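# Structural description and commentary
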Amino acid sequence: MTEKIKEHNISEAEWEVMRIVWTLGATHTGDIIKQLQAKKDWSESTIKTLMGRLVKKGLLKTRKDGRRFVYTATVTENQMMVQVTTEMMSHMCDMHKGQMLIEILHGMPLSQDDIAIMEQELAQKAKTAPKMVDCNCLSVHDC
């Protein structure tokens, strides 16, 4: 990822808005409202407030299209997910990150293509991986 996303600390409701925009691409206000009201029991004003917050956070941008506004994501879903996940993992001991990824994989739906790519990535990583990853929690490594 080239630059840090401006503001990635977003609420669950804001994630819902972002998921709609990522899926639809450049989309009008009414389309976002229609999609969210089909999923959630939210008022139009609540949805517009969420969209406004995301614009202020720099995650959505707007442009006028006649009398309507078009919303576009300023970051991809992948960029956002990588940053949030990387930050979350930075709070964990390096020694335990591998086990955490294994546990996450257990419940994650994956396609055959996803698995094949992961196998390739792991094969590459195995060429230079240490026998054991050191703890990075303490100055003396005895986690």
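Predicted model only: the values in this text are computed from it and were never measured. (Residues numbered from 1 in each chain as written. Predicted model: local features only at pLDDT ≥ 70, side-chain atom pairs only at ≥ 80, totals over all residues. Heavy atoms only, no water.)

### As for the packing of helix α1 (residues 12–24) against helix α2 (residues 29–39)
Where we set the bar: Helix axes use the C-alpha atoms of the stretch in contact, all axes being lines fitted to C-alpha atoms, and the angles between their N-to-C directions lie in the range 0 to 180 degrees. Helix numbers and strand numbers start at the N terminus; a helix is a DSSP run of H or I with at least 4 residues, a strand a run of E with at least 2. If an angle is under 35 degrees, it is roughly parallel; if it is over 145, roughly antiparallel; if it lies from 65 to 115, roughly perpendicular; otherwise it is oblique. Handedness of a crossing follows from how the near helix is turned relative to the far one, being left-handed for an anticlockwise turn of less than a right angle and right-handed for a clockwise one. Between two residues, a contact is recorded if the distance between any of their heavy atoms is within 4.5 Å. Residues are grouped as follows: nonpolar covers Ala, Val, Leu, Ile, Met, Phe, Trp, Tyr, Cys and Pro; charged covers Asp, Glu, Lys and Arg; every other residue, Gly included, is treated as polar.
Viewed as axis vectors pointing N to C, α1 and α2 meet at an angle of 125°, and their least axial separation amounts to 10 Å. Judged by the angle between their axes, α1 and α2 are oblique. Both α1 and α2 take part in a crossing whose hand is right-handed. Along its contact with α1, which presents E16, V17, R19, I20, V21 and L24, the element α2 presents D31, I32, Q35, L36 and K39. Grouping the constituent residues of the contact of α1 with α2 by class yields 6 nonpolar, 1 polar and 4 charged.

### Topic: the environment of E12
You can see E12 is positioned in helix α1. Expressed as a C-alpha distance, the spacing of E12 and L105, which sit 93 residues apart in the sequence, is 22 Å.

### What to know about a nonpolar patch on the surface
Threshold: Each patch is built from residues that are more than 30% exposed by relative accessible area and take part in no salt bridge. Like charges join if they lie within 9 Å; nonpolar side chains (Val, Leu, Ile, Met, Phe, Trp, Tyr) join within 5 Å. Accessible areas in this description were obtained via Shrake-Rupley with a 1.4 Å probe; residue shielding takes into account the shown protein chains only. Should a side-chain nitrogen of Lys or Arg be within 4 Å of a carboxyl oxygen of Asp or Glu, the pair is scored as a salt bridge. Residue burial is assigned from relative accessible area. The probe radius is 1.4 Å, only protein chains are included, and a residue is buried under 20% of its type maximum, exposed over 50%, and partly exposed in between.
Among the surface-exposed residues, M100, L101, I104, L105, M108, L110, I115, M118 and L122 lie close enough to one another that they form a single nonpolar patch of about 710 Å² accessible area. At 4 residues, helix α5 (residues 97–106) tops the list of elements feeding residues into the nonpolar patch. Looking at the element boundaries, I104 is found in helix α5. According to the relative accessible area criterion, I104 is partly exposed, its value standing at 35%.

### Some thoughts on the side chain of T29
Following the sequence through the fold, T29 ends up in helix α2. For T29, the residues in contact, after removing those within four places along its chain, are K48, M51, F69 and Y71.

### Remarks on the side chain of T27
Secondary-structure assignment places T27 in strand β1 (residues 27–28). Among residues more than four places away in sequence, those in contact with T27 are V21, I32, F69, V70 and Y71.

### A few points about the packing of aromatic side chains
Definition in use: Here the aromatic set is Phe, Tyr and Trp, taking the six-membered ring for Trp, and pairing holds for ring centres within 6.5 Å; pairs whose planes are under 30 degrees apart are stacked, those over 60 apart are edge-to-face, and all others are tilted.
Taken as a whole and judged by the stated rule, the model has 1 aromatic pair. Centre to centre, the rings of W15 and W22 are 6.0 Å apart; their planes meet at 55°, and the pair counts as tilted. Accessibility assignment for this pair places W15 and W22 in one class, buried.

### Some words on the pattern of salt bridges
The full count for this structure, using the stated rule, is 5 salt bridges. The closest approach of N and O atoms between K48 and E44, which form a salt bridge, is 3.1 Å. With K48 and E44 both in helix α3 (residues 44–56), this residue pair falls 4 residues apart, about one helical turn. The class of K48 is partly exposed, set by a relative accessible area of 43%. Judged by its relative accessible area of 41%, E44 falls in the partly exposed class.

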